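Summary of structural features
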Amino acid sequence: MDFYLGLLQIIGVHTILGLSAYCVLLTGQVSLAQAGFFAIGAYVAGMLTVLAQWPVIPALGASAVVAGAIACAVGFPALRVKGLMLVVATIAFGEAVRLFFFNFTYQVQAGHLMLGPHGAEGFRQIRYFPEHGWTTLDVMLFIWAVVALVMAAIWWLDRSRAGAVLRAVGEDEFAAQSSGINITAVKVSAMTIGGVIAGIGGGIFAHYTTHIEHVQFGVVLATFAVAYPILGGLSSVFGTLLAVIFIQGFLIEGLRFMGDWRNLLFGALIVLAMNVRPRGLLDAGTVLALKRLIVSRKD
Amino acid sequence: MGPSPAVHRLAVSRSSVLTSAAIDVEFLDLIDAVQSVADGVLFGATYALLGIGFTLVFGVMHKINLSYAAASIGAAYASLLILAVIKAPPILVFLMAAAAGGVAGGLVYLIGFKFIPFANPLATLMSTVGLLLLIDEIIVHTTAGVPLNYPALYSDVIVRVGAFNLRGDLMFIFALCCVCMVALLLLLYRTRLGLATRAVSQQPTASELCGISITRVNVLTFVITGVVGGVAGAMTGAAIGILSPLLSLPLTVKGLIVTVVGGLGSIPGAIMAGLVVGGLENLFQFFRGVSERDLYIMLLLFVFLVFRPGGFFAMPAGRD
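What you see is a predicted model; the values in this text were computed from it and never measured.

This paragraph deals with the overall build of chain B. Helix and strand counts for chain B stand at eleven helices and four strands. The principal-axis extents of the C-alpha atoms in chain B amount to approximately 100 × 50 × 35 Å. Considering chain B as a whole, with its 320 residues, one finds that 47% of them fall into the buried category. A separation of at least 24 residues holds for 76% of the contacts in chain B among residues at least 6 apart in sequence.

Take a look at the structure:
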């Protein structure tokens, strides 16, 4: 049972990470910096609960603010460029963050233990959940409450005027600009929202794994973050959730019985999925068909 | 009651010996620093080749092929097959790597680009990521994850220039990369194929109206960049001495950085940027250690993006 609860935790945290990339992708920008914001959130929240003895929810709030502020600051220079240049710029930012934490040591003596991040060894003993008697089920429910909150917020954003503006910039920048939209402001806001969400996700990640280190936040995690929304399709937030379940639940856990061959199938199935459904698993056509199905049932 | 004059003199002479030793150490440090930069510039030729590959594909298709460095390493692995069959000389292994790279380039186009709508850059980005993971896993699967030795040429030759040593194997790699670049420039600027490639990269529709087959140009671009990548992969293996699938991600990142620092679509820029990044990498490693080295390379990239987004030889503003 704990195995399935753990799997649900992983799926929840990765959904949050995927949704943070979804916000930026809506404006047509591919950001591989999400793993960097995720790492910042993880370290900030971990240090606040372990070193400053904060409760977990204010710590997550603080990690969201810090990651959002850094995303906003990075957004201005990075969003001057687009396309391949932005991909490279954001990879560089993510790697710089990872390498910063690789060299970052700040430890405090607590009893016979040294607490805090310790360079290449990482940050151990982030034990807020076990110390406060949270069971695996509690943690899982907490994670999914946050996932539901984030998904509802983005779903609502998508239906508001702000969502239309984001999509307008993503569809055609020049047309959006001609109709009086400040593209830079829109892109930087999308980046900031993405940073806030990634910061929350990172904070939760640090607490349920209890041990974080720099290698976890590399290019691979950044690629996964954009892979979820692209694979799932950008027409709905549920596409990202579907893609996370497809990758984490089916490709990684479901194919475990295939042993060594699983890793081979992993890449091959992603290539196949993109060839068969280039607009994502849950593309606009499918969403429309599903809506019609539901509406006709009601009649 | 101060120290006696003799003791004082002794102390003075001791300290002067110490300062002259310190100066010697500083001088040796300087020599070592220049030496490591020289090694880095020679090795940077492989980055330059990778940068050219990314730039060419981007120039023709306006798409990113993220599986490029992985395919290059894969081609270098494939070339080891010929060593397993016969005891071939290293130069034959390098040729084999180039051929395997060409085949890999064609396959990448067929699997990752051919069947995906042209107007959907996100889908091709993702399919090449899938290919990157797939190629890495094929390598891990066939070699059981064990790094393999790679042959080098002239590794016993060391040329002394004043206080510096130039490694023969690195110089050979540098020379081979230069030959590769010259051949590529000739191909692009002196042949009909090169003319067609440049035409497609400037105006796809107009060049199609002039009777150029875009698909053919795209396939040939992938094959040519694949050959270049195969050489780069083989050279990386020869310079490091081993091949490992762990090389493909760092090489992808370095290749992309070189592409941007050199300016998108600029081949001279990519060459220059490759050598500069290679040299600076070793310089940072010398002064700040290997764990901080890449941090400064990333910061360098950010400086370029902010102050010189067009790269070294900034072209007039064009498409992204």
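This part is about the overall build of chain A. When its secondary structure is counted, chain A shows 13 helices and two strands. At 20 Å, chain A has a C-alpha radius of gyration in line with the 19 Å of a compact globule built from 299 residues. Considering only intrachain contacts with a sequence separation of at least 6, the fraction spanning at least 24 residues in chain A is 77%.

Looking at where Ala89(A) falls in the secondary structure, it is placed in helix H4 (residues 84–102). A tally of 30 C-beta atoms within 10 Å means that Ala89(A) is categorised as buried. In the structure, Ala89(A) is positioned 145 residues away from Leu234(A) in sequence and 23 Å away in space, judged by C-alpha atoms. Sequence-distant contacts of Ala89(A), that is, excluding residues within four places in its chain, are made with Ala78(A), Val81(A), Phe302(B) and Leu305(B).

Residues and elements named next belong to chain B. As paired elements, strand E2 (residues 158–161) and strand E3 (residues 164–167) share four bridges and run antiparallel to each other. Its bridge partner lying in E3, Ile158 is registered against Arg167. Remark: two residues form the turn of the hairpin made by E2 and E3, two consecutive strands paired antiparallel; Gly162 in that turn has positive phi of roughly 60 degrees.

Attention now moves to the environment of Ile143(A). Residues and elements named next belong to chain A. Topologically, Ile143 is positioned in helix H6 (residues 136–159). Taking the C-alpha atoms as reference points, Ile143 and Phe250, separated by 107 residues in sequence, lie 20 Å from one another. Among all residues touching Ile143, those that are not within four sequence positions of it are Gln9, Gly12, Val13 and Ile204.

Taken residue by residue, the interface counts 35 residues in chain A and 39 residues in chain B. For the side of chain A that touches chain B, the element with the most residues is H4(A), which contributes twelve residues. Grouping the constituent residues of the side of chain A that touches chain B by class yields 25 nonpolar, six polar and four charged.

Residues and elements named next belong to chain B. Chain-level pLDDT for chain B is 83 on average; 90% of the residues reach the 70-or-more range. Across chain B, element-level confidence peaks in helix H8 (residues 214–240) with a mean pLDDT of 92 and bottoms out in helix H1 (residues 5–61) with 73. Low confidence marks residues 1–18, where pLDDT is under 50. Its contacts with residues over four positions away, or in another chain, come to one contact. Predicted confidence is poor over residues 316–320, with pLDDT under 50, and the contacts of this stretch with residues over four places away or in other chains come to three contacts. With pTM at 0.83, the complex prediction returns an ipTM value of 0.80.

Residues and elements named next belong to chain B. Between helix H2 (residues 68–85) and helix H3 (residues 90–112), whose axes approach to 7 Å, the crossing angle comes to 135 degrees. Overall, the two elements H2 and H3 adopt an arrangement that is oblique. Between H2 and H3 the crossing geometry is right-handed. The residues of H3 that touch H2, namely those facing Ala71, Ser72, Gly74, Ala75, Ala76, Ala78, Ser79, Ile82 and Leu83, are Leu92, Val93, Met96, Ala97, Ala100, Gly101, Ala104, Gly105 and Val108.

Take unusual backbone geometry next. Residues other than glycine seldom take positive phi values, yet Gln53(A) does so here, at roughly 60 degrees. Topologically, Gln53(A) is positioned in the loop between helix H2 (34–51) and helix H3 (56–78). In this model, His62(B) sits at a positive phi of 55 degrees, which is unusual for a non-glycine residue. As for its position among the elements, His62(B) is in the loop between H1 and H2. For His62(B), a count of 17 C-beta atoms within 10 Å puts it in the partly exposed group.

Before going further, it helps to spend a moment on helix H10 (residues 219–232) of chain A. An α-helical turn contains 3.6 residues, so a residue and the one three or four places further along point in the same direction. Residues and elements named next belong to chain A. The end-to-end C-alpha distance of H10, which contains 14 residues, comes to 20 Å, matching closely the 20 Å that a straight helix rising 1.5 Å per residue would cover. Maximum bend of H10: about 25 degrees, positioned at Val226, with proline Pro229 one to four residues after it. Following H10 by one or two positions, Gly233 has its phi on the positive side, about 100 degrees.

Residues and elements named next belong to chain B. Within the largest apolar cluster, 199 residues are counted, with the highest numbers of intra-cluster contacts made by Ile173, Val231 and Ile257. The element that contributes the greatest number of residues to this core is H1, accounting for 14 residues. Those residues within four positions of Ile173 in sequence are excluded, and the remaining contacts are Leu42, Ala45, Thr46, Met235, Ala238 and Ala239.

Attention shifts here to the packing of helix H5 (residues 168–190) of chain B against H8(B). Residues and elements named next belong to chain B. Interaxial distance between H5 and H8 falls to 10 Å at its minimum, and their mutual angle equals 175 degrees. Taken together, the axes of H5 and H8 are roughly antiparallel relative to one another. Each of Asp169, Leu170, Ile173, Leu176, Cys177, Cys180 and Leu184 in H5 lies in contact with H8, whose residues at this interface are Val228, Val231, Met235, Ala238 and Ala239. For the contact of H5 with H8, the class distribution of residues is eleven nonpolar, no polar and one charged.

What follows deals with the environment of Ala100(B). All names here are of chain B. Counting through the fold element by element, Ala100 comes out in helix H3. Put simply, Ala100 and Gly263 are 163 residues apart on the chain and 28 Å apart in space, counted from C-alpha to C-alpha. Leave out the neighbours within four places in its chain, and Ala100 touches Ala75, Ala78, Ser79 and Gly230.

Summarising the model, chain A shows a mean pLDDT of 88, and 99% of its residues fall at 70 or more. Within chain A, the lowest mean pLDDT, 79, falls on helix H13 (residues 284–298) of chain A, and the highest, 94, falls on H2(A).

Calculation criteria
- Residues numbered from 1 in each chain as written.
- Chains lettered and ligands numbered in written order.
- Predicted model: local features only at pLDDT ≥ 70, side-chain atom pairs only at ≥ 80, totals over all residues.
- Helix = DSSP H or I, 4+ residues; strand = E, 2+ residues; numbered from the N terminus.
- Buried ≥ 20, exposed ≤ 12 C-beta atoms within 10 Å, placed from the backbone.
- Contact = placed C-beta atoms within 7 Å.
- Rg over C-alpha atoms; globule rule 2.2 N^0.38 Å.
- Pairing = 2+ DSSP bridges.
- Nonpolar A, V, L, I, M, F, W, Y, C, P; charged D, E, K, R; others polar.
- pLDDT = per-residue confidence, 0-100.
- Axes fitted to C-alpha atoms, helices over the stretch in contact; angles between N-to-C directions.
- Parallel < 35°, antiparallel > 145°, perpendicular 65-115°, else oblique.
- Left-handed = near helix turned anticlockwise from the far one by under 90°.
- Expected span 1.5 Å × (residues − 1).
- Bend = angle between axes of the 7 residues up to and from the residue.
- Core = buried A, V, L, I, M, F, W, Y, C linked by C-beta atoms within 7 Å.

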